[in-house]
Amino acid sequence: MKTLVVYGTRPEFLKVKPILLADKNIDSLFVKQHTDIIDFGNSKHSIDVKSTTGDRLNDIFQQIFLKASKIIKQYDNIVIQGDTATVAGIAISAFNLKKKIFYVESGLRSYDLQNPYPEEGYRQMVSRIADVNFCPTELSAQNLEKEQALGKIFVVGNTVLDNILEEKQKCVYGWKVLVTLHRSENLSILDKWLHEIENLAKTNKELEFILPVHPNPKIKEITKNLKYIKCIDPLEHHDLINILKQCLLVITDSGGIQEESCFFNKKTIVCRKVTERPEGIETGHIHLCEDPKDLSTIFELQRKNFIIDAECPYGDGKSANRIVKIINET
């Protein structure tokens, strides 16, 4: 049985990388949805995403149906991870070709199609047609059971933690605050979030607020006049992890960083109305901030009680071997 792992973005690559390392016989396809913020390594196959419709999401689907389907036909098993247009497009293509679909990080839910958009819609679609759902937590598995998902369900943990297992013992609480903001649902109020964080940086000068600026032109424009937040270029993953290991707190709207910060026992303020990773709220790692005006209060509370020593709810850093074993036995 021939297996193909498909990815298109930085987070997807980081989360399928441990699977590719665990089984060197698995091939990969890079759908070039993100090309400027990480070295994606050497994939056996790749396709470009050209702009033809003027709509980025529909362009990705169109290029997948035109180009990726020819590659998918050569394989028996198709492995996808996450909730992007690449994932949804590949899943539909594989389903149409009657290939077996293995869905990594399945079962995450906000049950709000606008938060996050379009990710929540894509993840619900894909889990309905997947043959095997690899869930990171018991809660994500329960979501699929409640929805009566037809595919097999396995709880395996989150593969992103496999990348940083050896770093866990090197963590310290320093004087850095890592900030990442980029989600589409936050773009319309990004200036408000950054205004609050700028004020926090101004009044807490003993702390270094570090913001790797996403390459989105709108984000670049909004961040160019910040004075107290240290704005830097996008980072390679290992450089981001080095900051995360040393930071005091995290402010983010990212998904993967929620998991990584919990694994490192760093309290994280999530700038979103809802998180599809609520397990971290239960353990005390994650603190949801639904409105920019609430950020200062939440930040000051967590700064006074920044130390946490609790089990990470998202896995133990050994997920890829479980996944590969199941793929090879299914």
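Here we summarise the structure given alongside this text.

Conventions used here
Residues numbered from 1 in each chain as written. Predicted model: local features only at pLDDT ≥ 70, side-chain atom pairs only at ≥ 80, totals over all residues. Heavy atoms only, no water. Buried < 20%, exposed > 50% of the residue type's maximum accessible area, 1.4 Å probe, protein only. Helix = DSSP H or I, 4+ residues; strand = E, 2+ residues; numbered from the N terminus. Pairing = 2+ DSSP bridges. Right-handed = clockwise from strand over helix to strand, strands pointing away. Axes fitted to C-alpha atoms, helices over the stretch in contact; angles between N-to-C directions. Contact = heavy atoms within 4.5 Å.

Remarks on the pairing of strand β1 (residues 3–7)
Part 1 of the reasoning: Burial analysis of β1 places 5 of its 5 residues in the buried class, which makes it a mostly covered element.
Part 2 of the reasoning: Of the two faces of β1, the one carrying Thr-3, Val-5 and Tyr-7 and the one carrying Leu-4 and Val-6 are both buried.
Part 3 of the reasoning: With 3 bridges connecting them, β1 and strand β4 (residues 77–81) associate as parallel partners. Opposite Leu-4, over in β4, you have Ile-78 as the bridge partner.
Part 4 of the reasoning: With 4 bridges connecting them, β1 and strand β2 (residues 27–32) associate as parallel partners. Its bridge partner lying in β2, Val-5 is registered against Ser-28.
Part 5 of the reasoning: Note that the unit made of β1, helix α1 (residues 10–22) and β2 has a crossover that is right-handed.

Section: the sheet that holds strand β12 (residues 268–270)
Part 1 of the reasoning: Here we have 6 strands laid out as an open sheet, ordered β10-β9-β8-β11-β12-β13, and parallel in their pairing. The outermost strands of the open sheet, each flanked by one partner alone, are β10 (230–232) and β13 (286–288). Across the sheet, the mean angle separating the axes of adjacent strands is 20° when strand polarity is ignored.
Part 2 of the reasoning: Summarising the sheet, strand β8 (residues 176–180) and strand β9 (residues 208–212) pair through 3 bridges and their orientation is parallel. Each residue of the ladder has a partner; that of Val-177, found in β9, is Phe-209.
Part 3 of the reasoning: Strands β8, β9 and β11 (247–252) of the sheet are contacted by helix α6 (residues 190–203), whose axis makes an angle of about 150° with β9.
Part 4 of the reasoning: Running at roughly 160° to β11, helix α9 (residues 256–263) makes contact with β8, β11, β12 and β13 of the sheet.

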